[in-house]
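# Coordinate analysis (summary)
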Amino acid sequence: MSGRANLRNASGGSITVEFALVLPILLIFLLGIIDAGRFMWTWNQAEKATQMGARYAAVTDAADDGMALYDYYTNDGIARGEPIPSGNFGTETCTSTGCTCNTGETCPTLGALSPGFANTVARMRAIMPEIQAENVTIEYSFSGLGYSGDPSGPDVNPLITVRLRNMSFRPSWLSVLAVPLPTFASTLSMEDGVGTISN
């Protein structure tokens, strides 16, 4: 009898040891599956926030307050109704600290940072709350659209590229590790560039 009891105790002990060896691997695998799902969710959130930011920037006030006010007829002598030449509108980038023109280009519309930038960031944060103003850039580049002396809004209809950068993902089981996300970008052409309401 005591031999069978010893055999049962020995096999029970080996099951416990095997379970102790396999349990960490199972937990890592389970947490890895959960974090893979969270990673894809975060990626999708960032992508959608960028798309919504571009949409908002395309139909509301420009991040550069000079864009809506600049008159190519008065300031550049371009006849009313004539297309804006590419040399008269350079690529302009707006960040949380202000708007700048690409080196070697002319950006006559360059003005102060308008509330349009903060409003775009707020719209993006509605989808991804961890976005900060310093993670967002809004770029205006020449599209070939726009006419001098347009009475209904800005003279130019630039391409608007909203970029979301310097974001990261932290796994739940290894929170000291930050997985950097790529830069997300979405581009649309400006529609009216005036107002604060977007669909």
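Let me begin by describing the structure that accompanies this report.

The rules behind these values
- Residues numbered from 1 in each chain as written.
- Predicted model: local features only at pLDDT ≥ 70, side-chain atom pairs only at ≥ 80, totals over all residues.
- Heavy atoms only, no water.
- Patch = residues over 30% accessible without salt bridge, like charges linked within 9 Å, V, L, I, M, F, W, Y side chains within 5 Å.
- Areas by Shrake-Rupley, 256 points an atom, 1.4 Å probe, with all protein chains shown as cover.
- Salt bridge = Lys/Arg side-chain N within 4 Å of Asp/Glu carboxyl O.
- Helix = DSSP H or I, 4+ residues; strand = E, 2+ residues; numbered from the N terminus.
- Phe/Tyr/Trp six-rings, centres within 6.5 Å; stacked < 30°, edge-to-face > 60°.
- Buried < 20%, exposed > 50% of the residue type's maximum accessible area, 1.4 Å probe, protein only.
- Lys NZ or Arg CZ within 6 Å of the ring centre and 35° of its normal.
- Disulfide = S-S within 2.5 Å.
- Pairing = 2+ DSSP bridges.
- Axes fitted to C-alpha atoms, helices over the stretch in contact; angles between N-to-C directions.
- Contact = heavy atoms within 4.5 Å.

## Concerning a nonpolar patch on the surface
A cluster of nonpolar side chains, namely F19, L23, L27, I28, L30, L31, I34, W173, L174, V176 and L177, defines an oily patch on the protein surface of about 1000 Å² accessible area. Position of L31 relative to the elements: it lies in helix α1 (residues 2-59).

## Some remarks on the packing of aromatic side chains
If you walk through the whole model with that rule in mind, you get 4 aromatic pairs. Judged by centre distance (5.4 Å) and plane angle (85 degrees), the rings of W43 and F184 are edge-to-face. Here W43 is found in helix α1, whereas its partner F184 is found in strand β7 (residues 184-189), with 141 residues between them in sequence. Given a relative accessible area of 29%, W43 falls into the partly exposed group. Within the aromatic cluster, the residues linked to one another by ring pairs are F39, W43, F169 and F184. We note R80 situated over the ring of Y73; from NZ or CZ to the ring centre the distance is 3.9 Å.

## A look at the state of the cysteines
Scanning the entire structure with this criterion turns up 2 disulfides. Covalently, C94 is tied to C99 through a disulfide, its sulfur atoms 2.1 Å apart. Disulfide C94-C99: the torsion about the S-S bond is 105 degrees, which places it as right-handed. With a relative accessible area of 0%, C94 lands in the buried category. The class for C99 is buried, based on a relative accessible area of 12%. Paired by a disulfide, C101 and C107 hold their sulfur atoms 2.1 Å apart. On the sign convention where negative means left-handed, the S-S torsion of about 75 degrees between C101 and C107 marks this disulfide as right-handed. Cysteines bonded in the protein chain are numbered consecutively along the chain; their disulfide partners then correspond to 1-2, 3-4.

## With respect to the pairing of strand β1 (residues 92-95)
Because side chains alternate across β1, one face comprises the buried residues E92 and C94, and the other comprises T93 and T95, equally buried. Where β1 lies against strand β2 (residues 98-101), 4 bridges are found, and the strand directions are antiparallel. Bridge pairing in β2 places E92 opposite C101. Count of turn residues in the β1/β2 antiparallel hairpin: 2 residues. With 3 bridges connecting them, β1 and strand β3 (residues 136-141) associate as antiparallel partners.

## Some thoughts on the sheet that holds β1
With antiparallel pairing, the 5 strands of this open sheet are ordered in space as β2-β1-β3-β4-β7. The open sheet has two free edges, formed respectively by β2 and β7, since each of these has just one partner strand. Averaged over all pairs of adjacent strands, the angle between their axes in this sheet comes to 20 degrees, without regard to strand direction. Helix α4 (residues 115-125) contacts β1, β3 and β4 (159-164) of the sheet and is inclined by roughly 125 degrees relative to β3.

## What to know about the pattern of salt bridges
Applying the stated criterion to the full structure yields 3 salt bridges. Residue D35 is joined to R38 by a salt bridge in which the shortest nitrogen-to-oxygen separation is 2.8 Å. Within this pair, D35 and its partner R38 are both found in helix α1, separated by 3 residues, close to a single helical turn. For R38, a relative accessible area of 34% gives the class partly exposed. Across the salt bridge formed by E139 and R163, the nearest N and O atoms sit 3.5 Å from each other. One end of the pair, E139, is in strand β3; the other, R163, is in strand β4, with 24 residues separating them in the sequence.

That is the geometry; function is a separate question.
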